[in-house]
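What follows is each chain in one-letter form.
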Amino acid sequence: MSNNVKNQPLYDQLVTLLKEKIEKEYVANTLLPSERELSSTYGLSRTTVRLALQELEKLGYIYRRHGKGTFVSNIRESALNLSNTYSFTEQMKSLGKTPRTDVLSFQKIEANKYLAEQLNVTLGTKLIEIERLRCADGLEMMLEMTYLPLQFFMTLEKAELEKKAMYDIFRENYRQIIRVAEEEFYAGIAEEQDASILKICPGAPVLNLLRKTYNTKNEIIEFTMSVARADQFRYKIVHHKD
């Protein structure tokens, strides 16, 4: 290891070194050497190497696949622009990836207090609840729970969502045009059930997203709560000066 920064902890030096390799040398999704191999290569303890890898995972430079190892994240191409209405399918296609959506559950429920407030409807209003797993190039990327007021999508069936992007269904099948979308996102850690579906370790860093979409009559037609793998998603916002 380099001694250029004498006061820098050894694991921090390793973080800096590996970040540089990831940015300049490693190809996305490359399998990294094991903790044992890194320890031997750089003359560091396994504990120091483990701390460095944990930090790189928090920063989104690497991701872990249970039973398979640690891989390099796609830090260059996976930045999503939040200045436009978000569409997972379109974003993945724009990045040259093949998107896939698995509809895990589809049912009709009654709005509880929280959902009623989010959708601006009365308690007990009929809703459609949809759980979907979003994948790209075969990799699990995001878990979404979506709620739609039934009154706008009376004939919507699970089969439709398995064949066509949801926002295309809104526009083409139900004449619901999205006027604006509000999005909020914040850092979190993966709960055990979500981690199992996304195939990441419980406690791994994730991005939580909340989205509301409004139609041309300013009615809320969708409320979605998403959990995205932090190692696969990087977000950017572009501000334009008037």
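Residues numbered from 1 in each chain as written. Predicted model: local features only at pLDDT ≥ 70, side-chain atom pairs only at ≥ 80, totals over all residues. Heavy atoms only, no water.

Trainee: How should the side chain of Thr-70 be read in this particular structure?
Mentor: As for its position among the elements, Thr-70 is in strand S2 (residues 69–72). Apart from residues no more than four positions distant in its own chain, Thr-70 is found in contact with Thr-30, Leu-31, Leu-32, Ile-62, Tyr-63 and Arg-64. (Helix = DSSP H or I, 4+ residues; strand = E, 2+ residues; numbered from the N terminus. Contact = heavy atoms within 4.5 Å.)

Trainee: Explain the pattern of salt bridges here, please?
Mentor: Side-chain pairs of opposite charge can arise whenever the charged atoms involved come near each other. Applying the stated criterion across every chain yields a total of 14 salt bridges. Salt-bridge contacts for Arg-171 lead to Glu-172; the nearest nitrogen and oxygen are separated by 3.2 Å. Judged by relative accessible area, which is 40%, Arg-171 ranks as partly exposed. Using a relative accessible area of 48% as the deciding quantity, one classes Glu-172 as partly exposed. Among the ionic pairs, Arg-211 bridges to Glu-222, the shortest N-O distance being 3.1 Å. Placement of Arg-211 in strand S8 (residues 205–215) and of Glu-222 in strand S9 (residues 220–229) is noted, with a sequence separation of eleven residues between them. Among the residues examined, Glu-222 registers a relative accessible area of 0% and is labelled buried. One continuous salt-bridge network, built from bridges that share partners, spans Lys-164, Asp-168, Arg-171 and Glu-172. (Salt bridge = Lys/Arg side-chain N within 4 Å of Asp/Glu carboxyl O. Buried < 20%, exposed > 50% of the residue type's maximum accessible area, 1.4 Å probe, protein only.)

Trainee: Honestly, the confidence of the model for the chain in this entry has me stumped. Any pointers?
Mentor: Note that predicted coordinates carrying low pLDDT should not be read in detail. Mean pLDDT over the chain: 85, with 86% of residues reaching 70 or higher. When pLDDT is averaged over each element of the chain, helix H5 (residues 113–119) comes out on top at 97 and strand S3 (residues 79–81) at the bottom at 46. Low pLDDT, under 50, characterises residues 77–85; the stretch is placed with 28 contacts to residues that sit more than four places away or in other chains. (pLDDT = per-residue confidence, 0-100.)

Trainee: It is not clear to me how the sheet that holds strand S5 (residues 126–136) should be interpreted in this structure. Could you clarify?
Mentor: Hydrogen bonds between backbone atoms are what pair the strands of a sheet, whose relative direction is either parallel or antiparallel. Sheet architecture is open: six strands sit in the order S4-S5-S6-S9-S8-S7, paired in antiparallel fashion. Two strands in the sheet have a free side with no partner beyond their single neighbour: strand S4 (99–110) and strand S7 (178–189). Put simply, the sheet's adjacent strands are angled 15° from each other on average, direction ignored. Relative to S9, strand S6 (residues 139–149) runs antiparallel, the two being bridged by six bridges. For Met-142, the partnering residue across the bridge sits in S9 and is Ala-228. On the sheet, helix H7 (residues 166–174) packs against S5, S6, S7, S8 and S9 and is oriented at approximately 165° with respect to S9. (Pairing = 2+ DSSP bridges. Axes fitted to C-alpha atoms, helices over the stretch in contact; angles between N-to-C directions.)

Trainee: Explain the pairing of strand S1 (residues 62–65) here, please?
Mentor: As a general feature of sheets, a regular strand has side chains that alternate between the two faces. Residues of S1 alternate between two faces, with Ile-62 and Arg-64 on one and Tyr-63 and Arg-65 on the opposite face, all of them buried. In this sheet, S2 lies alongside S1 in antiparallel orientation, the contact comprising four bridges. Along S2, the bridge assignment pairs Arg-65 with Gly-69. Connecting the antiparallel pair S1 and S2 is a turn made up of three residues, with Gly-67 showing a positive phi of about 80°.

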